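Remarks on the overall topology
Given next are the chains, with one letter for each unit.
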Amino acid sequence: QVQLVESGGGLVQPGGSLRLSCAASGSGFSINAMAWYRQAPGNQREWVASITGGGNTVYSNSVKGRFTISRDVAKNTVYLQMNSLKPEDTAVYCCKANVQVFRGNYAADYWGQGTQVTVSS
């Protein structure tokens, strides 16, 4: 089984920065890609950014130029550096890992529980 644990959320003023982390643990798998999503109250879950195993990154238009996704392959950890935060960035941020399960050789998605990010003065 794969477990994802996010950390790094909190309260920050507009214009501030936060760095989120998501660590994957378990055995019998390798990670194909990881991504961050967010969900604000009353809204649908929104994709934020993705990073492939080769390190290619893609961002939603709403965060491009402000957020940076990165990955430490050795630690099975993905990060989201968030700069120039705005009140509309307030949401629960969750990470998703697409993994290759060795036993059975199939791909599957796993989700973390999420971490709250609040941008407010």
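Scroll up to find the structure this text is about.
Residues numbered from 1 in each chain as written. Predicted model: local features only at pLDDT ≥ 70, side-chain atom pairs only at ≥ 80, totals over all residues. Heavy atoms only, no water.

Turning next to the state of the cysteines. Simply put, the disulfide is a covalent bond whose two ends are the sulfur atoms of two cysteines. Inspection of every chain in the model, using the stated rule, returns one disulfide. In this model Cys22 forms its disulfide with Cys95; the gap between the sulfur atoms is 1.8 Å. Handedness here is read from the sign of the S-S torsion; for Cys22 and Cys95, about 45 degrees, the answer is right-handed. In this pair, Cys22 sits in strand β3 (residues 18–26) while Cys95 sits in strand β9 (residues 91–101), placing the two residues 73 residues apart along the sequence. Residue class for Cys95 comes out buried when judged on its relative accessible area of 0%. No disulfide involves Cys94; its sulfur sits 7.5 Å from the nearest other cysteine sulfur, which is in Cys95. (Disulfide = S-S within 2.5 Å. Helix = DSSP H or I, 4+ residues; strand = E, 2+ residues; numbered from the N terminus. Buried < 20%, exposed > 50% of the residue type's maximum accessible area, 1.4 Å probe, protein only.)

Mapping Arg66 onto the fold places it in the loop between β6 (57–59) and β7 (67–72). Its relative accessible area of 11% is what places Arg66 among the buried residues. Side-chain polar atoms of Arg66 contact the side chain of Asp89, separated by 2.7 Å. If we ignore the near neighbours within four places in the chain, the residues touching Arg66 are Gln81, Met82, Asn83, Ser84, Leu85, Lys86 and Asp89. (Polar contact = N/O pair within 3.5 Å; in protein donor to acceptor, adjacent residues only side chain to side chain. Contact = heavy atoms within 4.5 Å.)

Structurally, Tyr106 can be placed in strand β10 (residues 106–111). Given a relative accessible area of 41%, Tyr106 falls into the partly exposed group. Once the C-alpha coordinates of Tyr106 and Leu85 are considered, the two residues, 21 residues apart in sequence, prove to be 38 Å apart. Apart from residues no more than four positions distant in its own chain, Tyr106 is found in contact with Val99, Gln100 and Val101.

Any functional reading would require information that these geometric values do not contain.
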